[in-house]
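Residue-level listing of the chains:
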Amino acid sequence: MEKESGMQFESKCVHSGIGEYEHGAVVPPIYQTSTFKFETTHYGASLFSGEQKGYYYTRINNPTIEALEDAIAALEGGHKALGCASGMAAIHTVFATFLEAGDHVICSQSVYGPTNTLLRTIFHKFGVVTTFVDTSNSENVHKAILPNTKMIYVETPGNPTLMISDLEEISKIAHANDALICVDNTFMSPALQRPFEFGVDIIIHSMTKFLNGHADVVAGVVVVKNEDHYLKCRKVLNQTGGVIDPFNSFLVHRGLKTLHLRMERHCENSLKVAKFLEAHELVSSVTYPGLESHPQYEIGLRQHKGHGGMITFELEGGFEAGETMMNSVKLCQLAVSLGGVESLIQHPASMTHFTMGLEARREASITEGMVRLSVGIENVDDLIADLDNALKVVKKTLVNQ
Ligand SMILES: *Cc1c(COP(=O)(O)O)cnc(C)c1O
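I will try to describe carefully the structure that is included in this document. Just so it is clear, the structure is predicted and the values come from calculations on it, not from any experiment.

**Concerning the pairing of strand β1 (residues 80–84)**
No. 1: Across the 5 residues that make up β1, a large majority, 4, are buried.
No. 2: As paired elements, β1 and strand β7 (residues 220–224) share 5 bridges and run antiparallel to each other. Bridge assignment links L82 to a residue of β7, and that residue is V222.

**Points about the environment of D184**
No. 1: With respect to the helices and strands, D184 occurs in strand β5 (residues 180–184).
No. 2: The sequence separation of D184 and G308 amounts to 124 residues, and the corresponding C-alpha distance is 14 Å.
No. 3: Residues contacting D184, with those up to four places away along its chain left out, are I91, Y153, V154, E155, T156 and I204.
No. 4: Within the structure, the side chain of D184 is placed 2.6 Å from the side chain of T186, a separation counted as a polar contact.

**Side note on unusual backbone geometry**
No. 1: With omega at -10°, the peptide bond leading from T156 into P157 counts as cis.
No. 2: Considering the arrangement of structural elements, one finds P157 in the loop between β4 (149–155) and α7 (167–176).
No. 3: Even without a glycine there, the phi angle at S189 is positive, about 70°.
No. 4: Within the secondary structure, S189 is located in the loop between β5 and β6 (202–206).
No. 5: The backbone of S337 shows a phi angle near 80°, a positive value even though the residue is not glycine.
No. 6: On the secondary structure map, S337 appears in the loop between β10 (333–334) and β11 (344–346).
No. 7: Given the relative accessible area of 29%, S337 is considered partly exposed.

**Comments concerning the side chain of D201**
No. 1: Its location among the elements puts D201 in the loop between β5 and β6.
No. 2: Put simply, D201 is tucked away with no salt bridge, and the nearest opposite charge, on K225, sits 4.3 Å away.
No. 3: Engagement of the side chain of D201 in a polar contact is seen with the side chain of H175, the distance being 2.8 Å.
No. 4: Among the polar contacts made by the side chain of D201, one reaches the main-chain amide nitrogen of I181 at a distance of 2.9 Å.
No. 5: If sequence neighbours within four positions are ignored, D201 has contacts with H175, A179, L180, I181, F196, V223, V224 and K225.

What counts, and where the lines are drawn
Residues numbered from 1 in each chain as written. Predicted model: local features only at pLDDT ≥ 70, side-chain atom pairs only at ≥ 80, totals over all residues. Heavy atoms only, no water. Buried < 20%, exposed > 50% of the residue type's maximum accessible area, 1.4 Å probe, protein only. Helix = DSSP H or I, 4+ residues; strand = E, 2+ residues; numbered from the N terminus. Pairing = 2+ DSSP bridges. Contact = heavy atoms within 4.5 Å. Polar contact = N/O pair within 3.5 Å; in protein donor to acceptor, adjacent residues only side chain to side chain. Lys, Arg positive; Asp, Glu negative; His and termini not counted. Salt bridge = Lys/Arg side-chain N within 4 Å of Asp/Glu carboxyl O.

Given below as structure tokens:
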């Protein structure tokens, strides 16, 4: 990775993980092969013993996957990265590597749903106990520390509340207590937030979102700071098998080249959309890290180079208003997931969290009028017009009631 030293972030997006290839190809070829043949038994033996470096089976390593891993490690400023089949496979790899029966974990309350479930059910079954706290107040983390606390797991901004946690303060708490701090950096991407700069030990991404950016891949990654962590995670990932495949690696690597440009436009559009929503009579509140009204706006300014592409807002008119708005947008796509070039909108109460019922939603702080918007890179006036039209329909139905 000699040619990368000294490059600025934007150049790293374009050039990281790219080497010299046969025929002068400028992008890494897709080695769509499950296995690699050996010239001799002796050579095979030297690969298995680790005496020589080379490829022998794609679950273990593959040049197309490695190219992507090198690129992500460079963008996060880490030592090495491990490509995984999904964001959840990456999170599982980290938990399975560093946790064992009897360990305690402190996790952000506002965290991607399946991460919460993974800790509460599967890892709980194996004897790992988790305390969920509001990590946007570092004092809560400090208070939750136990003698067996092994890991602090933070998502910032957290899903779906967009609460921001102070990575520098929480890293200090973790290290003073011999615990690891792991951060899910999916919502920001390294273009906007580089957790290693604040003392974080391990970074996880769902590459399905901003890193790939085109809504056509499910993938994840773990980024580590030292060889010891790398070897430990690699062993677990290779044994449990949740690896990324060569074709998806190629697609994500291609997506990375425009990461800096996409993030810039996501941020620019989001701030304008957030301000439009904040001023709208049918919107009672807007949460966006770039608004001064955000409760951790100051922490965000220290920690982010931009405020991201995710907005949560609350509609007057609750459940019905949410449903009506969802069925009235045209440019914004009605879908879960986030971080793609296209704007995606979703109403948890009538969609992802519908089956849990009103009471359970209330307990989980999923309000009836809550809408989550992943702002894409379309023309912002088109986006605002689409939201404005949908809100006009909402207004009409509210008046008619
Ligand atoms: C989507 C997401 C995940 C899970 O990633 P998959 O690729 O869907 O497995 C984890 N964390 C956050 C913050 C996410 O948005």
